[in-house]
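A structural walkthrough
This is what each chain is made of:
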Amino acid sequence: HVQLVESGGGSVQAGGSLRLSCAASRSLYCMGWFRQAPGKEREGVARIVTGGGSTNYADSVKGRFTISQDNAKNTVYLQMNSLKPEDTAMYYCAASRSVWCSTTFDYFGYWGQGTQVTVSS
């Protein structure tokens, strides 16, 4: 069993920044961030392979969001800059035991409870 605890959500004006944190009870192969806006499907935002540190981003956040990790703390971060109203969503931390998580946002089977991010115009 893996526990994931997110923190750092909140409200910010467009153009602002927020940093999300996710503390895991143990290390898995990949960690990632997903989001779900009201009435929309959940989408992968960013993921990182914990062993090698390789990262991948959704096109909509490339150049604005950065995923990073502190392996000693089993913690992953999502630095979000230049936020837009369309970034408003519930953000979820997720983890995967599958090596395939390095190539796709599928195979994430462990989830946190989510943290709300609201960006106002």
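Residues numbered from 1 in each chain as written. Predicted model: local features only at pLDDT ≥ 70, side-chain atom pairs only at ≥ 80, totals over all residues. Heavy atoms only, no water.

**Examining the overall build of the protein chain**
When you go through the protein chain residue by residue, the secondary structure sums to zero helices and eleven strands. Computed over C-alpha atoms, the radius of gyration of the protein chain comes to 13 Å, within 12% of the 14 Å expected from 2.2 N^0.38 for 121 residues, which places it in the range of a compact globule. Considered along the principal axes of its C-alpha atoms, the protein chain spans approximately 40 × 25 × 25 Å. The buried share among the 121 residues of the protein chain stands at 44%. Across the protein chain, contacts joining residues at least 24 apart in sequence account for 57% of those joining residues at least 6 apart. Just so you have it, the protein chain exposes about 6200 Å², and 45% of that area is on carbon and sulfur atoms. (Helix = DSSP H or I, 4+ residues; strand = E, 2+ residues; numbered from the N terminus. Rg over C-alpha atoms; globule rule 2.2 N^0.38 Å. Buried < 20%, exposed > 50% of the residue type's maximum accessible area, 1.4 Å probe, protein only. Contact = heavy atoms within 4.5 Å. Areas by Shrake-Rupley, 256 points an atom, 1.4 Å probe, with all protein chains shown as cover.)

**Focus: the packing of aromatic side chains**
As enumerated under the stated definition, the model contains three aromatic pairs in all. Seen from their ring centres, Phe-34 and Phe-105 are 5.6 Å apart, and the 80 degrees between their planes marks the pair as edge-to-face. Separated by 71 residues along the polypeptide, Phe-34 in strand E4 (residues 30-36) and Phe-105 in the loop between strand E9 (89-96) and strand E10 (110-111) bring together distant segments of the chain. A centroid spacing of 4.8 Å and a plane angle of 65 degrees characterise the contact between Phe-34 and Trp-111, whose relative ring orientation is edge-to-face. Within this pair, whereas Phe-34 is found in strand E4, its partner Trp-111 is found in strand E10, the two being separated by 77 residues in sequence. On the basis of relative accessible area, Phe-34 is assigned to the buried category, the value being 5%. (Phe/Tyr/Trp six-rings, centres within 6.5 Å; stacked < 30°, edge-to-face > 60°.)

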